Amino acid sequence: MNAPAPAVEIDGVSHRYGERLALDRVSLRIAAGELFTLVGPNGGGKSTLFRLAATLIAPQSGTIRIQGFDVRSAALEVRRQIGVVFQSPSLDRHLTVDENLRHQGRLYGLRGYTLADRCDELLARLALADRRHELTGKLSGGLRRRVELAKGLLHRPTVLLLDEPSTGLDPAARGELWQYLSGLRRDEGVTVVATTHLLEEAERADRVAILDSGRLVALDAPGRLRAELGGDYLSIEADQPERLATALRERFGWHVQTVDHRLRIQVSDAQSAMTQILAEYRGQLRSLTLARPTLEDVFIARTGRRFEADREEAA
């Protein structure tokens, strides 16, 4: 039996802004009905990939297909397949929730009872029915994000693209947003592709692609990526980190990384390693921490540095 065609296919995509390489031969597949995140520090390339998939800019090399349609040669067909929620708000704050949706629907050719029924359906699904006559400018950030989602879903897209969808939301509203996205994938089979620089959000996805400096450095389910690291790790702050790193390598044969002046050690028995370090090097330590691997640890293992989410946005 043939495997179902992927909803999104990205093959060998590279893109430059002048002399700067924003994407470097990125290839990946996103399955139909998958909740997928593109994650990376600002400037890593995720926003450029989003713009390419949304047909906002054309690929310079490589191909992107959405539901089999090429974003370069069949952009209009792609736009019929996708719903897009941008990082920057797109609502008219001087119009009501209902008015924003109706104007959006008309852009896609929806009219009359078809448009009214679809608005009713989405307002109910996103718990906005009691807010439909309120000005969007008076809504909270979380409620406005729900209206943005409703706009993106009006024409029943098969693929929903979201660029940093939780920007400006408090933790509670952020959690609600991701619950809605998960339910959308589960109940309607929509493929959800979201960019984020928040690693805790990437943990909610079926799979995550980690981008750094335009390169794809990791691609898999979050749990499998963490499992590849092989257990707990130790983080050490020391008065002389390089001297201590050399001593630990010579004494125990461990692989010791130096990341932002802290030592990071991945060993099979982290608790035993902690006991040994305290017994022999306590006087050189400022802090010694035992922790389970996170997606940031995956990033460190693949790149050799910390995940700097607050770097200047460049791609």
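Everything in this summary refers to the structure shown in the same document. Just so you know, these numbers come straight off a predicted model, no measurement behind them.

Tallying secondary structure elements over the protein chain gives 11 helices and 14 strands in all. Taking the principal axes of the C-alpha coordinates as reference, the protein chain spans close to 75 × 45 × 45 Å. Looking at the 315 residues of the protein chain, the share that counts as buried comes to 50%. Residue pairs in contact within the protein chain that sit at least 24 positions apart in sequence constitute 68% of those at least 6 positions apart. Carbon together with sulfur atoms contributes 47% to the accessible area of the protein chain, which is approximately 15,000 Å² in total. Mean positive and mean negative side-chain charge positions of the protein chain (44 and 43 charges, respectively) differ by 2 Å.

Let us look at unusual backbone geometry. Here the phi dihedral of Arg25 falls at roughly 55°; this positive angle occurs in a residue that is not glycine. Examined against the element boundaries, Arg25 turns out to sit in strand β2 (residues 20-30). Look at Ser213: it is not a glycine, yet its phi comes out positive at around 50°. Assignment of secondary structure puts Ser213 in the loop between β9 (207-212) and β10 (215-220).

A separate point is the environment of Phe86. Tracing the chain through its elements places Phe86 in the loop between β6 (82-85) and α3 (97-107). On the accessibility criterion, Phe86 (32% relative accessible area) is partly exposed. A C-alpha to C-alpha distance of 8.5 Å links Phe86 and Glu148, two positions 62 residues apart in sequence. Apart from residues lying up to four places away in sequence, Phe86 is in contact with Phe50, Leu56, Arg145 and Asp163.

All chains considered together, the criterion is met by three aromatic pairs. Judged by centre distance (4.2 Å) and plane angle (15°), the ring pair of Phe252 and Trp254 falls under stacked. Of the two residues, Phe252 and Trp254, neither departs from the other in class, the shared state being buried. Ring geometry for Phe299 and Phe307: centres 5.1 Å apart, planes at 75°, overall edge-to-face. Summarising the burial analysis for this pair, Phe299 and Phe307 share the class buried. Here the guanidinium or amino end of Arg264 rests over the ring plane of Tyr233, the centre of that ring lying 4.9 Å away.

Thresholds, definitions, all that
Residues numbered from 1 in each chain as written. Predicted model: local features only at pLDDT ≥ 70, side-chain atom pairs only at ≥ 80, totals over all residues. Heavy atoms only, no water. Helix = DSSP H or I, 4+ residues; strand = E, 2+ residues; numbered from the N terminus. Buried < 20%, exposed > 50% of the residue type's maximum accessible area, 1.4 Å probe, protein only. Contact = heavy atoms within 4.5 Å. Areas by Shrake-Rupley, 256 points an atom, 1.4 Å probe, with all protein chains shown as cover. Lys, Arg positive; Asp, Glu negative; His and termini not counted. Charge placed at Lys NZ, Arg CZ, Asp CG, Glu CD. Phe/Tyr/Trp six-rings, centres within 6.5 Å; stacked < 30°, edge-to-face > 60°. Lys NZ or Arg CZ within 6 Å of the ring centre and 35° of its normal.

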